[in-house]
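The chain contents come next:
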Amino acid sequence: MGSRTLRLLAAGVGAAGLVAGVAALAAFKSGASNNLVIVLASFAPLLLLATVVGAIVSAVARRWLLLAASVVVVGLGAWAYGPLFVAGASGEPAVDASGPSIRVMQANIMVGSADPEALVQTVRERGIDVLTIQELTDPSVEALRAAGLEKLLPHQFLAPYATGGGGGGIYSRLPLANGSRVDGMALTNLVTEVDAGLARPVIVYDVHPVPAYIAPAAHWTEDFDRLRDALDSTAGSDNVIVSGDFNATYSHSKFRDLRRGGYVDAADQLGAGILPTYPTDKRYPAVVGIDHILTKGAAATSLERIAIVGSDHHGLIADVQLSNGS
C-alpha cells in the first residue's frame, strides 16, 4: 500500500472520528424528541473516544487541520464530561448532612429473571436498608419472599406486573407510609415515605421511564416531563432519594434537567465518572450508564456498582448521609 493511499486512509479515519465527536456533542446539547438523537446521546462518550483515535491517526499522518479540529472537539467533550470525574465539580448545592446514614440498593431484575437467592444474599451481606426494584413480576415477588427478602426488609410498597417489565417495588428495613404512583407515566414509578427516625420522613422514589429505543421518543420525553414535575413537588423537602433505571445517561439533557432544584447524581457528587450499567447479558461489557441514585438535601458518601445475577443490568449501592432537617 503506497504512502498516498495511507494518507488518504488516515484522513478518512480522522474525518470519521471528527464527525462522530461532533455528533456526540450535538446530541449532548440537544433536547430534541427524536429516537436517533436520544440513542446517539446514549453512546456520546464512545463517539468521543472515536474522535480521540481519529486525532491520533491525524497526528501520525500529519493531517494538521483534522488534528486541530479533533483537538477542539475532544476539548469540548472533556469540558462536558470532566466534572463527572472530580468530586464536587458538578456544582451540587452544599448539604448539612449530619443525620443518620442509610444504605440504598438499586436493581433492575430483567422481568423477574434475576436470581432471587443471589439478590437476597447481597441484601443480607451488604446491610441494605432500602431496595428499589424495576421489572418486578408476581412470580419474582414470590421467589424473593421464599428466598427470605421480606425477613430482611419487612416493609414493602410493591406494584408488580403479572408478566412483562412494567412492575416495580420498594423494600425497606425501615417503616414505610403514604406510598403512591407517579401519575401519568407509562411504567410503574413509585414514591413513598421512609421513617428514618427524623422529624420528617425520607422521600424515596423508584423510577423507570420508558426506554426510547423501544418506545416512541415522544413517550420518553413525556415521562421525563412528568418525573420532573413529580420531583418539583418535593420543593422544600430535605432527604429525597430518587433511585432507578432511568433509561437515560448523563449525556441526555432530559436527565440533566432532573438535577435542578437541588438534586444531584451520587456518581457526580463523588467523582465516580461514567458507570456503565447496561447491558450485562452480552459478550461485551456494559456500555451505557442508565441506572442512577439521585439525592436532594442528603449526601451520598459512597457508591458502588454491583452484579445482579441473572439480570441485564448492574445494580448500584449507595450510602446516603441524611440531613437532620427541622
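For the structure, see preceding data.
Thresholds applied
- Residues numbered from 1 in each chain as written.
- Predicted model: local features only at pLDDT ≥ 70, side-chain atom pairs only at ≥ 80, totals over all residues.
- Heavy atoms only, no water.
- Buried < 20%, exposed > 50% of the residue type's maximum accessible area, 1.4 Å probe, protein only.
- Helix = DSSP H or I, 4+ residues; strand = E, 2+ residues; numbered from the N terminus.
- Pairing = 2+ DSSP bridges.
- Right-handed = clockwise from strand over helix to strand, strands pointing away.
- Axes fitted to C-alpha atoms, helices over the stretch in contact; angles between N-to-C directions.
- Parallel < 35°, antiparallel > 145°, perpendicular 65-115°, else oblique.
- Left-handed = near helix turned anticlockwise from the far one by under 90°.
- Contact = heavy atoms within 4.5 Å.
- Nonpolar A, V, L, I, M, F, W, Y, C, P; charged D, E, K, R; others polar.
- Core = buried A, V, L, I, M, F, W, Y, C linked by side-chain atoms within 4.5 Å.
- Phe/Tyr/Trp six-rings, centres within 6.5 Å; stacked < 30°, edge-to-face > 60°.
- Salt bridge = Lys/Arg side-chain N within 4 Å of Asp/Glu carboxyl O.

J.: Would you take a moment to explain the pairing of strand β2 (residues 130-134) for this structure?
T.: Here is the key point about a regular strand: its side chains alternate between the two faces of the sheet. For β2, a buried count of five out of five residues is recorded, marking the element as mostly surrounded by other parts of the structure. Alternating positions in β2 separate into two faces, Val130, Thr132 and Gln134 on one and Leu131 and Ile133 on the other, with burial throughout. Bridge count for strand β1 (residues 101-108) against β2 is five bridges, and the pairing is parallel. Considered in β2, the bridge of Asn108 is made with Gln134. Of the crossover connections in this fold, the one passing from β1 over helix α5 (residues 116-126) to the parallel β2 is right-handed. Inspection of the sheet shows β2 paired to strand β4 (residues 168-172) by five bridges, in the antiparallel sense.

J.: Please explain the packing of helix α3 (residues 44-60) against helix α4 (residues 64-81) as it appears in this structure.
T.: Geometrically, a packed helix pair is captured by the angle between its two axes and the distance between the axes. Packing of α3 against α4 leaves a shortest axis separation of 9 Å and a crossing angle of 150°. Judged by the angle between their axes, α3 and α4 are roughly antiparallel. Once α3 is placed against α4, the crossing between them reads as left-handed. For the pair α3 and α4, contact is made by Ala44, Pro45, Leu48, Thr51, Val52, Ala55, Ser58 and Ala59 and by Trp64, Leu66, Leu67, Ser70, Val73, Val74, Gly77 and Tyr81, respectively. Along the lines of polarity and charge, the residues of the contact of α3 with α4 split into twelve nonpolar, four polar and no charged.

J.: What is the right way to read the nonpolar core from this model?
T.: Nonpolar side chains tend toward joint burial in soluble globular proteins. Core analysis: the biggest nonpolar cluster contains 25 residues, and Tyr205, Val242, Phe246 and Leu258 have the highest contact counts within it. Breaking this core down by element, the ones donating at least two residues are β7 (202-207), α8 (217-232) and β8 (240-245). Discounting chain neighbours no more than four positions away, the residues touching Leu258 are Phe224, Leu227, Arg228, Leu231, Phe246, Tyr263 and Leu294.

J.: Would you take a moment to explain the packing of aromatic side chains for this structure?
T.: Two aromatic rings are characterised by how far apart their centres lie and by the angle between their planes. Tallied over the full model, the rule gives five aromatic pairs. Between Trp220 and Phe224 the ring centres are 4.8 Å apart and the planes differ by 55°, which places this aromatic pair in the tilted class. With a gap of four residues between them, Trp220 and Phe224 both fall in helix α8, about one helical turn apart. In this structure, Trp220 and Phe224 share a single accessibility class: buried.

J.: Would you mind showing me how to read the sheet that holds β4 here?
T.: The strands that make up a sheet pair up through hydrogen bonds in the backbone, lying either parallel or antiparallel. Spatial strand order, β3-β4-β2-β1-β12-β11: six strands in an open sheet with mixed pairing. Looking at strand neighbours, the two that pair on one side only are β3 (155-159) and β11 (299-307), the edges of this open sheet. The sheet shows a mean angle of 15° between the axes of neighbouring strands, direction not considered. Running at roughly 165° to β1, α5 makes contact with β1, β2, β11 and β12 (314-321) of the sheet.

J.: Just to check I follow, could you spell out the pattern of salt bridges for this structure?
T.: As a working rule, side chains carrying opposite charge can pair if their charged atoms are close by. Per the stated rule, a full pass over the model turns up ten salt bridges. Of the charged contacts in the structure, one is a salt bridge between Arg228 and Asp232, with a shortest N-O distance of 2.7 Å. Note that Arg228 and Asp232 are positioned in helix α8 at a spacing of four residues, about one turn of the helix. The class of Arg228 is buried, set by a relative accessible area of 3%. For Asp232, a relative accessible area of 30% puts it in the partly exposed group. Here the salt bridges share partners, and the residues they tie into one network are Arg228, Asp232, Asp257 and Arg260.

J.: How should the environment of Ala318 be read in this particular structure?
T.: Relative to the assigned elements, Ala318 resides in strand β12. Judged by relative accessible area, which is 0%, Ala318 ranks as buried. With 213 residues separating them in the primary sequence, Ala318 and Met105 have C-alpha atoms 6.5 Å apart. With near-sequence residues (within four places) excluded, Ala318 lies in contact with Ile102, Arg103, Val104, Ile293, Ser302 and Leu303.

J.: I keep staring at the sheet that holds strand β10 (residues 291-296) and nothing clicks. Help me out?
T.: Across the sheet, six strands lie side by side as β5-β6-β7-β8-β10-β9; this open sheet has mixed pairing. Both edges of this open sheet fall to β5 (176-181) and β9 (264-265), since each of them pairs with a single strand only. Pairing of β8 with β10 involves six bridges; the strand directions are antiparallel. The residue bridging Val242 from the neighbouring strand is Leu294, located in β10.

J.: What exactly am I supposed to notice about unusual backbone geometry here?
T.: Note: most peptide bonds trans; most residues except glycine with negative phi. With an omega of -10°, the peptide bond running from Tyr278 to Pro279 counts as cis. Relative to the helices and strands, Pro279 is located in the loop between α10 (266-270) and β10. The phi angle at Arg62 is positive, at roughly 60°, despite the residue not being glycine. When you line up the elements, Arg62 lands in the loop between α3 and α4.

Distances and angles like these do not, on their own, reveal function.
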